[in-house]
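# Observations on the model geometry
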Amino acid sequence: MNQPNAFAAFREHRGVVYRTSTYLQWGPNSEGHRSLGSCLLLNPGSAKLFRERPASGHSIMGQTTLDPTMRQLIRLVEAIYGTRALAGRFHIYNLFSVQNAAAVSAISHFEQLIDEKETTLEAQLVSTQELQKHPWLLLGWGLSHHHSWQQFSSLKKLWKQRIAAAGVPTFGKPCPKGIDYYHPSPPLHATKETIMEELVEIYRKTIGRKSAHPL
């Protein structure tokens, strides 16, 4: 199966790097922008542009390295669709766009940026029209939680409202309390295998062929 590439848009503001748009591309761009699916994770990880960095106050789009989460998502998408040749994009959304590979540090930083009015909750969301382009959305922002993270809690509620309004089919492995969802790419290799098998099974039971775009 052809190896996909990753592309993303980055923006730097006051020393903070935001990754505002990310997708994995199977096949050449000339074959169209058909969506193979999408996911909603916590925040952008360690993937970086191959060449340039965004200048302060400007955005730049380009091909990026593949971080561990992207590699796991590639395996997941290919497991869902089987052996057929894929052509299209898998879109990676994040609850918030501040780039930081450490989850707890990222959330605390995001809370600070909101409090300092450097960004807003609404700026993290995408439109219902954009969400409706996808055959499905994997929920997997992880289980990080702390009672002091009020902005983070409000942001998750806003995302859930936006997803419900879009009506896009969703799936994921919920935590025991049913509030958060396990991340699709945990650190341990053995756990990566387990969660991928579980997510593929959940997909087949809840989404299945009826909602997937024909390939």
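Higher on the page you've got the structure.
These remarks concern the structure in this document. (Residues numbered from 1 in each chain as written. Predicted model: local features only at pLDDT ≥ 70, side-chain atom pairs only at ≥ 80, totals over all residues. Heavy atoms only, no water.)

### Comments concerning unusual backbone geometry
To keep things clear, this is the line we draw: Put simply, DSSP marks the helices as runs of H or I at least four residues long and the strands as runs of E at least two long, and each gets a number from the N terminus on.
Phi at Arg-14 takes a positive value of approximately 55°, unusual for a residue other than glycine. For Arg-14, the position within the fold is in the loop between strand S1 (5–13) and strand S2 (16–26). Positive phi outside glycine occurs at Lys-117, with the angle close to 60°. With respect to the helices, strands and loops of the structure, Lys-117 is situated in the loop between helix H2 (103–115) and helix H3 (128–131).

### Describing helix H4 (residues 150–166)
The α-helix winds at 3.6 residues per turn, so residues separated by three or four positions along the chain end up facing the same way. Basically, it comes down to this: A helix's residues, less one, multiplied by 1.5 Å, set its expected span. In this scheme, a residue with accessible area under 20% of its type's maximum is buried, one over 50% is exposed, and one in between is partly exposed, where area comes from a 1.4 Å probe on protein chains only. It is the directions from the helix axis to the C-beta atoms whose arc is reported. Residues are treated as being in contact if the distance between any of their heavy atoms lies within 4.5 Å.
Across its 17 residues, H4 extends 25 Å between first and last C-alpha, which sits within 8% of the 24 Å expected from 1.5 Å per residue. For H4, every residue scored as buried is listed here: Phe-152, Leu-155, Lys-156, Trp-159, Ile-163 and Ala-166. Buried residues of H4, viewed axially, fall in a sector of 100°; they line one side. Away from its buried face, by an angle of more than 90 degrees, H4 presents the exposed residues Lys-157, Gln-161, Ala-164 and Ala-165. Residues of H4 that are buried make contact with strand S3 (35–41), strand S5 (88–94), H2, H3, strand S6 (137–139) and strand S7 (170–171).

### Considering the packing of aromatic side chains
For clarity, the threshold we go by: A pair of aromatic rings is counted whenever rings of Phe, Tyr or Trp (Trp by its six-membered ring) have centres within 6.5 Å, and the orientation is called stacked for planes under 30 degrees apart, edge-to-face for over 60 and tilted otherwise.
Inspection of the entire model under this criterion finds nine aromatic pairs. Centre to centre, the rings of Trp-136 and Tyr-203 are 5.5 Å apart; their planes meet at 65°, and the pair counts as edge-to-face. Taken together, the residues Trp-136 in the loop between H3 and S6 and Tyr-203 in helix H5 (residues 189–206) connect sequence positions 67 residues apart. The burial state of Trp-136 is the same as that of Tyr-203; both residues are buried.

### Looking at the pairing of S5
Note the cut-off: Strands qualify as paired when DSSP identifies two bridges or more between them.
Among the seven residues that make up S5, seven are buried, leaving the element largely enclosed by the rest of the structure. Burial along S5 is two-sided: the face carrying Gly-88, Phe-90, Ile-92 and Asn-94 and the face carrying Arg-89, His-91 and Tyr-93 are both buried. Here S3 pairs with S5 via six bridges, running parallel. Bridge pairing in S5 places Gly-37 opposite Phe-90.

### A short note on the sheet that holds S1
On the basis of which strands lie adjacent, the open sheet formed by seven strands has the order S4-S1-S2-S5-S3-S6-S7 and mixed pairing. The strands lining the two open edges of the sheet, one partner per strand, are strand S4 (59–64) and S7.

### Considering the environment of Leu-86
Position of Leu-86 relative to the elements: it lies in the loop between helix H1 (68–81) and S5. For Leu-86, a relative accessible area of 4% translates into the label buried. When the C-alpha positions of Leu-86 and Leu-36 are compared, they lie 8.4 Å apart, and in sequence the two are 50 residues distant.

### Some details on the pattern of salt bridges
Which entries qualify depends on this criterion: What makes a salt bridge here is a side-chain nitrogen of Lys or Arg within 4 Å of a carboxyl oxygen of Asp or Glu, nothing more.
Enumeration according to the criterion identifies five salt bridges in this entry. Among the ionic pairs, Arg-14 bridges to Glu-118, the shortest N-O distance being 3.1 Å. Here Arg-14 is found in the loop between S1 and S2, whereas its partner Glu-118 is found in the loop between H2 and H3, with 104 residues between them in sequence. Judged by relative accessible area, which is 63%, Arg-14 ranks as exposed. Look at Glu-118 and you get partly exposed, because its relative accessible area is 27%. Taking the shortest distance from any N to any O, the salt bridge between Arg-75 and Glu-193 comes out at 2.8 Å. Of this pair, Arg-75 sits in helix H1 while Glu-193 is found in helix H5, placing the two residues 118 residues apart along the sequence.

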